[in-house]
Amino acid sequence: MFDAVHVLIVEDDIAIAAPLEKGLRREGFVVSLVGTGAEALAARGHDLVLLDLGLPDMDGFEVCRQLRNTSAVPIIVVTARGEEVDRVIGLELGADDYLVKPFGFRELVARIRAVTRRAGATTAAGGEGAVTTVADLLVDRRARRVAVAGEEIELTRKEFDLLAFLAEDPGATRTRRQILESVWDAHWYGPTKTIDVHVASLRRKLDRPDLIDTVRGVGYRLCTDR
Ligand code: CA
C-alpha cells in the first residue's frame, strides 16, 4: 500500500474538531489536532493542513501566510465567512483549496484526496524539459524555482503552478478552463477572478508586465515575441 497521509487539523471548536479527527482516522489518515495558530505554526511532520480561519490567538489568514512562507505543505482553509473576497484572499495567501462551513464530511475527504494527489503530481513532475527560459525568465519546474535576469523570485505555490503551466508551452494560449483545471481543480467552483488576481501578482513580482499576455475572452499565454 502507500504511506498514510498525515493531516494537521487546526480548529479551536472541539465540537467540530473531535468528530473530524475521528472520521479522518476511520478513513485511514494519520491525524494531529491543535487549537491555536501558534501551535499550528510550531507543528511538524504533517502532509496537509486543514486550517480553520477563526482561531482564538491569531488571524487565520496570517497563520496561512506564515505557514506558506515556511513550507509547501498543502493547506485547505475552512471558513465560516463565505464572501467571495475572503475566498480570493485566502487563495492568494497560498491556500490550495477552501471549504465553507458547514461542509459535508465526504466532500472534505474528496478535497483532501484531490489536494494531496495534485501536490504529489507536482513533486513527481520534472526531469527532461523541466526548465523553460523565455527572454530573461527562467522557470525550473523540478526545483520549483523562478529567476528573472538571474535574480531568484519568491512566488506562492499557486503563482508558481500557474507560471509553470504557462511555461510548459511558451507562446501557446491556455484557456481559463485549462488553467483552472490544471492549477486549481477540475471541480473548482469558485470565482474565476482568482486567475486574474494571480496573474496580476505574478506580473508584479516578475516585474515584467508584458511577459504574460492577456488573450481577451480566452485566457493567457507566455509571450515569446519580445
Ligand atoms: Ca474556530
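Everything that follows concerns the structure shown earlier in this document.
On a predicted model such as this, the values are computed, not experimentally measured, just so you know. (Residues numbered from 1 in each chain as written. Predicted model: local features only at pLDDT ≥ 70, side-chain atom pairs only at ≥ 80, totals over all residues. Heavy atoms only, no water.)

On to the sheet that holds strand S11 (residues 212-215), then. Sheet architecture is open: three strands sit in the order S10-S12-S11, paired in antiparallel fashion. On the outer flanks of this sheet lie strand S10 (174-175) and S11, each paired with one strand and no other. When S10 meets strand S12 (residues 219-222), the two strands line up antiparallel, connected through two bridges. By the bridge assignment for S12, threonine 175 is matched with glycine 219. Here helix H8 (residues 193-206) sits on the sheet in contact with S11 and S12, set at roughly 150° to S11. (Pairing = 2+ DSSP bridges. Helix = DSSP H or I, 4+ residues; strand = E, 2+ residues; numbered from the N terminus. Contact = heavy atoms within 4.5 Å. Axes fitted to C-alpha atoms, helices over the stretch in contact; angles between N-to-C directions.)

Helix length check: helix H1 (residues 14-26), at 13 residues, gives a terminal C-alpha distance of 18 Å against a target of 18 Å (1.5 Å per residue), a fit within 8%. Within H1, the full set of buried residues consists of Ala17, Leu20, Glu21, Gly23 and Leu24. Put simply, aspartate 13 is the residue that caps the front of H1, since its side-chain oxygen is 3.0 Å from the backbone nitrogen of alanine 15. One or two steps after H1, the chain reaches glycine 28, where phi turns positive at roughly 100°. (Expected span 1.5 Å × (residues − 1). Buried < 20%, exposed > 50% of the residue type's maximum accessible area, 1.4 Å probe, protein only. Polar contact = N/O pair within 3.5 Å; in protein donor to acceptor, adjacent residues only side chain to side chain.)

In this section: the pattern of salt bridges. Scanning the entire structure with this criterion turns up 18 salt bridges. Note that arginine 68 is salt-bridged to aspartate 96, the shortest N-O span being 3.1 Å. Here arginine 68 is found in helix H3 (residues 60-70), whereas its partner aspartate 96 is found in the loop between helix H4 (84-92) and strand S5 (97-100), with 28 residues between them in sequence. Taking the relative accessible area as the measure of exposure, aspartate 96 reaches 3% and is therefore buried. Taking the shortest distance from any N to any O, the salt bridge between glutamate 107 and arginine 111 comes out at 2.8 Å. Remark: arginine 111 and glutamate 107 occur in helix H5 (residues 105-124); sequence separation between them is four residues, near one turn of the helix. Within this structure, Glu11, Asp52 and Lys101 form a network of salt bridges that share partners. (Salt bridge = Lys/Arg side-chain N within 4 Å of Asp/Glu carboxyl O.)

For the rest of this paragraph, the subject is empty space enclosed by the protein. Inspection of the entire model under this criterion finds two cavities of 30 Å³ or more. Looking at the second largest cavity, its volume works out to about 40 Å³. In terms of lining, the second largest cavity is formed by Ile9, Val10, Glu11, Ile16, Leu20, Leu50, Leu51, Asp52, Val78 and Phe103. Of all the secondary-structure elements, those providing two or more residues to the lining of the second largest cavity are strand S1 (6-10), H1 and strand S3 (48-52). Examining the composition of the lining of the second largest cavity, we find that three residues originate from one element, S3, more than from any other. (1 Å grid on protein atoms, 1.4 Å probe; cavity = no way out; pocket = protein on both sides within 12 Å on 5 of 7 lines; lining within 4 Å. Points joined across faces, edges and corners; volume = space filled by probe spheres on them.)

All right, on to helix H7 (residues 176-184) then. For H7, every residue scored as buried is listed here: Ile179, Leu180, Val183 and Trp184. Taken around the axis of H7, the buried residues stretch over an arc of 100°, which confines them to a single face. (Arc of directions from axis to C-beta.)

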